[in-house]
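Summary of structural features
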Amino acid sequence: MSRSITETDSLFFNSGRELPTKDDHLWLIVSGVVKSYTITEEGSLVILGFWGADDLVGQHLSNIVPYTLECIGNVEAIAIPRQQWESFADNLLHHAQQTQHMSYIVRNTKIARRLWLLLEWLAEKFGKVIAQGRLIDFKLTHQELANAISTTRITVTKTLSQFEEEGLILRPRTKCIVLRS
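None of these values were measured; they are calculated from a predicted model.

In the sheet, strand β2 (residues 25-39) pairs with strand β3 (residues 45-51) via 6 bridges, with the strands oriented antiparallel. When the sheet's bridge partners are listed, V34 is paired in β3 with W51. In this structure, the hairpin formed by β2 and β3 is closed by a connection of 5 residues, where G43 is found at a positive phi of approximately 95 degrees.

In C-alpha cells form, the structure reads like this:
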C-alpha cells in the first residue's frame, strides 16, 4: 500500500542545482522553474523543456542520455516513487503535450518566429500579468533561449533587440522580459 504524497515531502533546491536522478522516481515540481537538457556528442547543450508547478519530470520520461534537470531559481519538488505514477496520469499527459509543443516551436523555419513562439509559450506558462503585459520573471539567459530554439546567442540578442524596437517586448531589468499586451 502506498501512502499519499503531501507538501511535507517537499525538498528544496537552490538555483543552479540539479535535481538528482533517482532510480524509480519522478519529480513533481511544487514551485520554481526547472530546465531539462542534454549534451550532444559534439558537446552542444540542447534544452529539452522548461518545467514549473505541477509538472512531472525525470529521466524515466525521456529516452535521451545524458538527461539533466537544472533548477532555474529556487525550486521545491517532491520525489514520486514508481508505484504512485499512475496517480499522476494528468501530469504525465501534460508533460507529453509540452514536449510536443517544444518540438513544434523548434521546427519553425524562421528563427524570429521560433523565438517569438518560445517567448509566448514561456509567458503563458510562467508569466505574471502586469499592466504592460505578461512578465517572464526568472533568470533566462540569451544562451539558454538560443539553446532552446537551436540558434546562436548573437542571433537571439539581435532578435530580442528587434522585438524591443518594434514594441513587442520590454526588458525593464536584467533577466526578465515582458511580452506587451
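Turning our attention to the layout of surface pockets. Think of a ball as big as a water molecule: rolled over the atoms, this probe shows where empty space is left. Its boundaries defined by the atoms lining it, the largest pocket holds a volume of some 320 Å³. In terms of lining, the largest pocket is formed by 19 residues, of which the most central are I47, L48, I64, T99 and M102. Contributions of two or more residues to the lining of the largest pocket are made by β3, α1 (89-106) and α3 (142-149). With 5 residues, the top contributor of residues to the lining of the largest pocket is α1. Here the lining of the largest pocket is composed, by residue class, of 10 nonpolar, 8 polar and 1 charged. The volume enclosed by the second largest pocket comes to roughly 150 Å³. Forming the boundary of the second largest pocket are 12 residues, of which L140, H142, K175, C176 and I177 lie nearest the centre. Of the residues assigned to the lining of the second largest pocket, the class counts are 6 nonpolar, 3 polar and 3 charged.

Reading the values: rules and limits
- Residues numbered from 1 in each chain as written.
- Predicted model: local features only at pLDDT ≥ 70, side-chain atom pairs only at ≥ 80, totals over all residues.
- Heavy atoms only, no water.
- Pairing = 2+ DSSP bridges.
- Helix = DSSP H or I, 4+ residues; strand = E, 2+ residues; numbered from the N terminus.
- 1 Å grid on protein atoms, 1.4 Å probe; cavity = no way out; pocket = protein on both sides within 12 Å on 5 of 7 lines; lining within 4 Å.
- Points joined across faces, edges and corners; volume = space filled by probe spheres on them.
- Nonpolar A, V, L, I, M, F, W, Y, C, P; charged D, E, K, R; others polar.

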